[in-house]
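Breakdown of the fold
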There are 2 protein chains.
Amino acid sequence: MTTLESPKGILLVVSGAAGTGKGTVNAILMKEHDDFVFSVSATTRAPRPGEVDGREYHFMTKEQFEEQIRLGGVIEYTQYCGNYYGTLKSELRKLDEGKNLILEIEVEGAMNIKRLFPDSVAVFILPPDAVTLRNRLVNRGTNTADDIENRMKRALDEFSLVEHYDYAVVNHDGRAKEAADAIYAIVKSEQHKASRAEGAMNRLFFNQE
Amino acid sequence: MTTLESPKGILLVVSGAAGTGKGTVNAILMKEHDDFVFSVSATTRAPRPGEVDGREYHFMTKEQFEEQIRLGGVIEYTQYCGNYYGTLKSELRKLDEGKNLILEIEVEGAMNIKRLFPDSVAVFILPPDAVTLRNRLVNRGTNTADDIENRMKRALDEFSLVEHYDYAVVNHDGRAKEAADAIYAIVKSEQHKASRAEGAMNRLFFNQE
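The model shown is predicted, which means the values in this text are computed figures rather than measured ones.

All names here are of chain A. The four strands are arranged 4-3-6-5 in an open sheet whose pairing can be described as mixed. Of all the strands in the sheet, just strand 4 (58-59) and strand 5 (74-80) have a single pairing partner and so form its edges. The pairing of strand 3 (residues 42-43) with strand 4 spans two bridges and is classified as parallel. Directly across from A42, in strand 4, lies its bridge partner H58. Where helix 2 (residues 62-71) meets the sheet, it contacts strand 3, strand 5 and strand 6 (83-88), and its direction lies at approximately 45 degrees from that of strand 6.

Printed below as a string of structure tokens:
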């Protein structure tokens, strides 16, 4: 143990609108640091070709999902197009293994997690500006003009929620590595929060003579 | 600008008892990152051989120092063995130049700085445990047995103040580089605090359309 770090990992909540590149940023973070892992969401939607249970999602039936909700086994969930999407409590075990657990989640779910787990760290990924965001959405080529307008509107609405997050990181074009480095620094610094220093204090006094 | 960083540097308050190795840690930090600079204290004590005005200290007469206090040019000061020691307001100009300014200061001064500058970041350097701290004080060879007991008592008393700091960093024997890296991560992450993100938000909205 080099620091006051607790052996537990940090629960890292990452949000970002479509076009902010949060997926790319998180992928770099996990590739470069093997103590960062994704929280795998649970869903009741059917697997798509190539999706593996436990990798892309924990695939569940509607009945299984609702049973887990009743049992308190789901820490947050939402419904979208008639399917459940959520986070199973069992994912948190990765924290006990010392992994920093990345929860890629939209703003409402993120705020729920912050309420349930005040020690979690919430990071908002931002595009450098609205023009860049629009270009990214256009360049995907998969969005209709209406889609793009809706996503732009939604993104700009959501940006006002940044104040509810702990940190904001801008993901510039072609510089996702810098954003990943920033999130790494954030987690590293959080491990040094004075409020997490009790263990070391006790060691100091305990060892005193 | 790769992030939401403001062009202003961070005011970094670093405290640590004798034997925590804060001087070594700060020296590494400045050697590795040229955007970190020391705040040079002002004092009314006489220069020692080899000390250069403006490098070790800003050397002043008692009259000059008291004049600066009256003019509001001193942001914190203390008296020790009949001499003034303090921080001149002019040191803060380094922040406007984008430098992160390290203020190595004892706990009372640190708390005053936090009150005056809530945006400052206060880091407490800790030894790994009381036994190690005692060994370091003994190994210096310059302390009498009474000195050592006094310093131990004072250090242990001060450790209870860690809760007033933002961060705590343990400096293990022979691993000052790790402590310096931790402080670097802390400053980097502070630049991403959501509360500092207003500029980017305005850019986003300003650029919309």
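Turning next to the packing of helix 5 (residues 130-140) of chain A against helix 6 (residues 145-159) of chain A. Residues and elements named next belong to chain A. In contact at an axis separation of 10 Å, helix 5 and helix 6 are set at 145 degrees when each is read in the N-to-C sense. The chirality of how helix 5 crosses helix 6 is right-handed. Together, A130, L133, R134, L137 and V138 of helix 5 and I148, E149, R151, M152, A155, L156 and F159 of helix 6 make up the contact between the two elements. A per-class count over the contact of helix 5 with helix 6 returns nine nonpolar, no polar and three charged.

Two packed helices can be described by the angle between their axes and the distance between those axes. Where helix 7 (residues 176-190) of chain A contacts helix 7 (residues 176-190) of chain B, the two axes come as close as 8 Å, and the packing angle between them is 115 degrees. In this structure, helix 7 of chain A meets helix 7 of chain B at a crossing whose hand is left-handed. Every residue of helix 7 of chain B that contacts helix 7 of chain A at D181, A182, A185, I186, K188 and S189 of chain A is listed here: D181, A182, A185, I186, K188 and S189 of chain B. A class-by-class count of the residues in the contact of helix 7 of chain A with helix 7 of chain B yields six nonpolar, two polar and four charged.

Right, let's get into the environment of K114 of chain A. Residue and element names in this part refer to chain A. Tracing the backbone through its elements, the reader meets K114 in helix 4 (residues 107-116). In this structure K114 comes out as buried when scored by relative accessible area, which is 17%. Excluding its chain neighbours within four sequence positions, the residues that come into contact with K114 are S120, A122 and D166.

The next subject is the confidence of the model for chain A. Residue and element names in this part refer to chain A. The pLDDT averaged across chain A works out to 89; a share of 91% of its residues lies at or above 70. Ranking the elements of chain A by mean pLDDT puts helix 8 (residues 198-206) last, at 63, and strand 4 first, at 98. Both confidence scores are given for the complex: pTM 0.84, ipTM 0.79.

Take the packing of aromatic side chains next. Going through the model one piece at a time under the given rule, you end up with 18 aromatic pairs over all chains. Put simply, the rings of Y57, F59, Y80 and Y85 of chain A touch in pairs and so form one group of aromatic residues.

Here we come to the pairing of strand 6 of chain A. Residue and element names in this part refer to chain A. The element strand 6 is extensively covered by neighbouring structure, given that five of its six residues are classed as buried. Here two bridges tie strand 3 to strand 6, and the two strands are oriented antiparallel to one another. When the sheet's bridge partners are listed, T43 is paired in strand 6 with Y85. In the sheet, strand 5 pairs with strand 6 via six bridges, with the strands oriented antiparallel. Looking at the pairing, E76 lines up with T87 of strand 6.

Right, let's talk about the pattern of salt bridges for a bit. Residues and elements named next belong to chain A. Counting across every chain of the model gives 28 salt bridges over all chains. Close ionic contact of K8 with D96 constitutes a salt bridge, the shortest N to O distance being 3.6 Å. Residue K8 is found in the segment before strand 1 (11-15), and its partner D96 is found in helix 3 (residues 93-96); the two are separated by 88 residues along the sequence. According to the relative accessible area criterion, D96 is exposed, its value standing at 53%. Put simply, E32, K177 and D181 are held in one network by salt bridges that share partners.

Thresholds applied
- Residues numbered from 1 in each chain as written.
- Chains lettered and ligands numbered in written order.
- Predicted model: local features only at pLDDT ≥ 70, side-chain atom pairs only at ≥ 80, totals over all residues.
- Heavy atoms only, no water.
- Pairing = 2+ DSSP bridges.
- Helix = DSSP H or I, 4+ residues; strand = E, 2+ residues; numbered from the N terminus.
- Contact = heavy atoms within 4.5 Å.
- Axes fitted to C-alpha atoms, helices over the stretch in contact; angles between N-to-C directions.
- Left-handed = near helix turned anticlockwise from the far one by under 90°.
- Nonpolar A, V, L, I, M, F, W, Y, C, P; charged D, E, K, R; others polar.
- Buried < 20%, exposed > 50% of the residue type's maximum accessible area, 1.4 Å probe, protein only.
- pLDDT = per-residue confidence, 0-100.
- Phe/Tyr/Trp six-rings, centres within 6.5 Å; stacked < 30°, edge-to-face > 60°.
- Salt bridge = Lys/Arg side-chain N within 4 Å of Asp/Glu carboxyl O.

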